[in-house]
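Overview (structure and organization)
Each chain, written out:
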Amino acid sequence: MGSQILPHFTSGVIVKGFGRGSKVLGIPTANFPESVVEDLPKDLVTGIYYGWASLHRQIYKMVASIGWNPYYKNEKKSLEVHLLHKSQGDLYGEELKMIIVGYIRPEKDFSSVEELIQEIRNDITIAEERLEEACLNKLKKHDFLIK
């Protein structure tokens with residue numbers, strides 16, 4: 001599954017995505033540009049991941065989707081990050097750093113938007129719990145995020 005390449009450190013400037021996260025799902029996401037997606041390790045399988053993110057020198061837990069978003073049938077692979085805190089509004093042009101520390105599940109299709117939202121909420125719960133584990137929690141103080 002590529003767990004030997006985790007944790008993975010990456011950063012990029014937030015770009016405009018599909019506009020579905022906040023509007024349709026009520027779960028805002030920060031989207032990375034194609035160049036960041038293309039630089040992900042080739043053996044990092046698509047799916048849902050969790051880890052730490054840094055925005056404006058604030059550290060947040062995060063859930064990230066890497067892949068094609070089967071429900072929406074994307075034609076380009078994407079990297080979308082949901083910060084586990086109340087949204088700060090428009091973040092386009094801001095630098096987001098993140099450390100991907102673990103894998104939750106593979107991508108899958110859903111029969112409804114409601115089913116998709118429920119699964120994302122479940123992913124968030126899993127990420128919240130796993131990031132409290134001492135070995136993962138200490139990464140939130142990593143120099144990569146703070147500097």
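By convention here, each chain's residues receive numbers from 1 onward along its written sequence. With the structure being a predicted model, the display of local features is reserved for residues of pLDDT at least 70 and the display and counting of side-chain atom pairs for 80 or more, all residues being used for whole-chain, interface and lining totals. Working from all heavy atoms in the structure, the side-chain values ignore hydrogens and water.

1. A word on the UniProt feature "coiled-coil region" (unreviewed entry) in the chain
Selection rule: UniProt positions are given in the numbering used here, feature names are shortened, and annotations may be inferred rather than shown by experiment. Comment: elements are numbered from the N terminus, with helices defined as DSSP H or I runs of at least four residues and strands as E runs of at least two.
Mapped onto this structure's residue numbering, the UniProt feature "coiled-coil region" (unreviewed entry) falls at residues 110-137. Taken end to end, residues 110-137 comprises 79% helix and 0% strand; its first and last C-alpha atoms sit 31 Å apart.

2. Some words on the pattern of salt bridges
Just so we agree on the cut-off: For salt bridges, the criterion is a side-chain nitrogen of Lys or Arg within 4 Å of an Asp or Glu carboxyl oxygen. Buried, partly exposed and exposed residues are distinguished by accessible area as a fraction of the type maximum, computed with a 1.4 Å probe on protein chains only: under 20%, between the cut-offs, and over 50%, respectively.
In this structure the tally under the stated criterion is six salt bridges. Here Glu 119 makes a salt bridge to Lys 108, at a shortest N to O gap of 3.3 Å. One end of the pair, Glu 119, is in helix H3 (residues 113-130); the other, Lys 108, is in the loop between strand E6 (95-105) and H3, with eleven residues separating them in the sequence. Salt-bridge contacts for Lys 147 lead to Asp 143; the nearest nitrogen and oxygen are separated by 3.9 Å. Asp 143 sits in the partly exposed class, given a relative accessible area of 46%. What you see here is one network of salt bridges that share partners, running through Arg 105, Lys 108, Glu 119 and Asp 123.

3. Re the environment of Arg 57
Positionally, Arg 57 belongs in the loop between strand E3 (47-55) and strand E4 (58-67). In this structure Arg 57 comes out as exposed when scored by relative accessible area, which is 66%. Sequence separation between Arg 57 and Lys 147 is 90 residues; the distance between their C-alpha atoms is 7.6 Å.

4. Topic: the sheet that holds strand E1 (residues 8-13)
As a reminder, the rule being used: Any two strands with at least two DSSP bridges between them are considered paired.
Ordered in space as E1-E6-E3-E4-E5-E2, the six strands form an open sheet in which the pairing is antiparallel. Sheet topology places E1 and strand E2 (30-31) at the edges, where each strand pairs with a single neighbour. Here two bridges tie E2 to strand E5 (residues 78-83), and the two strands are oriented antiparallel to one another. In the sheet register, Ala 30 faces E5, and the bridge partner there is Val 81.

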